[in-house]
Amino acid sequence: MPISINPQMMREIIMDHYNNPLHKSTPSDKENYLSIRMDSDSCIDDITIYLKIENDIVVKTYFDGIACTISTASTDILCDLILNKSKSDALYILEQYTNMIFEKEYNDEVLDEALVFANTHKQAARIKCATLGSTGLKELIECEGHTHG
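Right, let's walk through the structure included here.

1. Some remarks on the packing of helix H2 (residues 69–82) against helix H4 (residues 127–142)
Okay, so step 1: Where H2 contacts H4, the axes come no closer than 6 Å and their chain directions differ by 35 degrees. H2 and H4 meet at a crossing whose hand is right-handed. Contacts between H2 and H4 involve Ile70, Ser71, Ser74, Thr75, Leu78, Cys79 and Ile82 on the former and, on the latter, Cys129, Ala130, Leu132, Gly133, Ser134, Leu137 and Ile141.
Okay, so step 2: In terms of residue class, the contact of H2 with H4 is built from nine nonpolar, five polar and no charged.

Right, here's the structure in full:
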């Protein structure tokens, strides 16, 4: 996805992931997943992220709860981006996303639809919303083997 996509297209991608998130669900066998609850003091965001890793590969990603548009859409997009990736590749994608949000050098080739959040730094209040999911996913991957609640 080119970084020069227009603002209308960016809004459409964000709203599509908010209104029709592919990964928003609580797995029926949630005891077989790593999980972490993420919330925000500055927004309504209160989600639980579920992650299943098998043989060093992220094989399932879900999140559920209540969250604003930015938090829901970014978490959904990131769940999709790291699905079927090795832990190291998933961590690299999450690092590039975080670098983009905080205006550091990043590899745009691995971010695909997550590039719609490239201007988030212009709205400081939205940074927490845009990084809630990435922070939780990163913590789960790095702490594989421990269950959080």
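Picking up after the structure, the text goes on.
2. Digging into the packing of aromatic side chains
Okay, so step 1: In this structure the tally under the stated criterion is three aromatic pairs.
Okay, so step 2: Ring geometry for Tyr33 and Tyr50: centres 6.5 Å apart, planes at 90 degrees, overall edge-to-face. In this pair, Tyr33 sits in the loop between helix H1 (7–19) and strand S1 (34–39) while Tyr50 sits in strand S2 (residues 46–54), placing the two residues 17 residues apart along the sequence. Neither Tyr33 nor Tyr50 differs from the other in exposure class; each is buried.

3. What to know about helix H3 (residues 87–101)
Okay, so step 1: In a regular helix each residue adds 1.5 Å, so 15 residues correspond to 21 Å; H3 covers 21 Å between its end C-alpha atoms and thus fits that length.
Okay, so step 2: All of the buried residues in H3 are Ala90, Ile93, Leu94, Gln96, Tyr97, Asn99, Met100 and Ile101.
Okay, so step 3: Contacts from the buried residues of H3 go to strand S3 (57–66), H2 and H4.
Okay, so step 4: After H3 finishes, the residue Glu103 shows a positive phi value of roughly 60 degrees.

4. Description of the pairing of S2
Strand residues, when the strand is regular, have side chains that alternate between the two faces of the sheet.
Okay, so step 1: Two strands pair when backbone bridges link them, and S1 and S2 are joined in this way by six bridges, in the antiparallel orientation. The residue bridging Asp39 from the neighbouring strand is Asp46, located in S2.
Okay, so step 2: Here S1 folds back onto S2, and the loop between the two strands holds six residues.
Okay, so step 3: Across nine bridges, S2 lies against S3 in antiparallel orientation. Paired with Tyr50 across the bridge in S3 is Tyr62.

5. Description of the side chain of His23
Okay, so step 1: Considering the arrangement of structural elements, one finds His23 in the loop between H1 and S1.
Okay, so step 2: In this structure the side chain of His23 is engaged in a polar contact, spanning 3.1 Å, whose partner is the side chain of Asp80.
Okay, so step 3: Here His23 is in contact with Thr61, Tyr62, Phe63, Asp76, Cys79, Asp80 and Leu83, once residues within four sequence places are set aside.

6. Regarding the sheet that holds S2
Okay, so step 1: Pairing within the open sheet is antiparallel, and its three strands lie in the order S1-S2-S3. Strand pairing shows two members of the sheet lacking a second neighbour, S1 and S3, which therefore form its edges. Going from strand to strand, the sheet's axes swing by 20 degrees on average, the running direction of each strand aside.

7. Some remarks on the pattern of salt bridges
Side-chain pairs of opposite charge can arise whenever the charged atoms involved come near each other.
Okay, so step 1: On inspection of all chains with the given rule, the structure shows five salt bridges.
Okay, so step 2: In this structure, Asp64 engages Lys24 in a salt bridge whose closest nitrogen and oxygen atoms are separated by 3.9 Å. Here Lys24 lies in the loop between H1 and S1 and Asp64 lies in strand S3, a separation of 40 residues in the sequence.
Okay, so step 3: Its relative accessible area of 36% is what places Lys24 among the partly exposed residues.
Okay, so step 4: A salt bridge links Arg37 to Asp39, with the nearest nitrogen and oxygen atoms 3.8 Å apart.
Okay, so step 5: The exposure class of Arg37 is partly exposed, given its relative accessible area of 45%.
Okay, so step 6: Assessed through its relative accessible area of 38%, Asp39 is described here as partly exposed.
Okay, so step 7: Because the salt bridges share partners, they merge into one network encompassing Arg37, Asp39 and Asp46.

The rules behind these values
- Residues numbered from 1 in each chain as written.
- Predicted model: local features only at pLDDT ≥ 70, side-chain atom pairs only at ≥ 80, totals over all residues.
- Heavy atoms only, no water.
- Axes fitted to C-alpha atoms, helices over the stretch in contact; angles between N-to-C directions.
- Helix = DSSP H or I, 4+ residues; strand = E, 2+ residues; numbered from the N terminus.
- Left-handed = near helix turned anticlockwise from the far one by under 90°.
- Contact = heavy atoms within 4.5 Å.
- Nonpolar A, V, L, I, M, F, W, Y, C, P; charged D, E, K, R; others polar.
- Phe/Tyr/Trp six-rings, centres within 6.5 Å; stacked < 30°, edge-to-face > 60°.
- Buried < 20%, exposed > 50% of the residue type's maximum accessible area, 1.4 Å probe, protein only.
- Expected span 1.5 Å × (residues − 1).
- Pairing = 2+ DSSP bridges.
- Polar contact = N/O pair within 3.5 Å; in protein donor to acceptor, adjacent residues only side chain to side chain.
- Salt bridge = Lys/Arg side-chain N within 4 Å of Asp/Glu carboxyl O.

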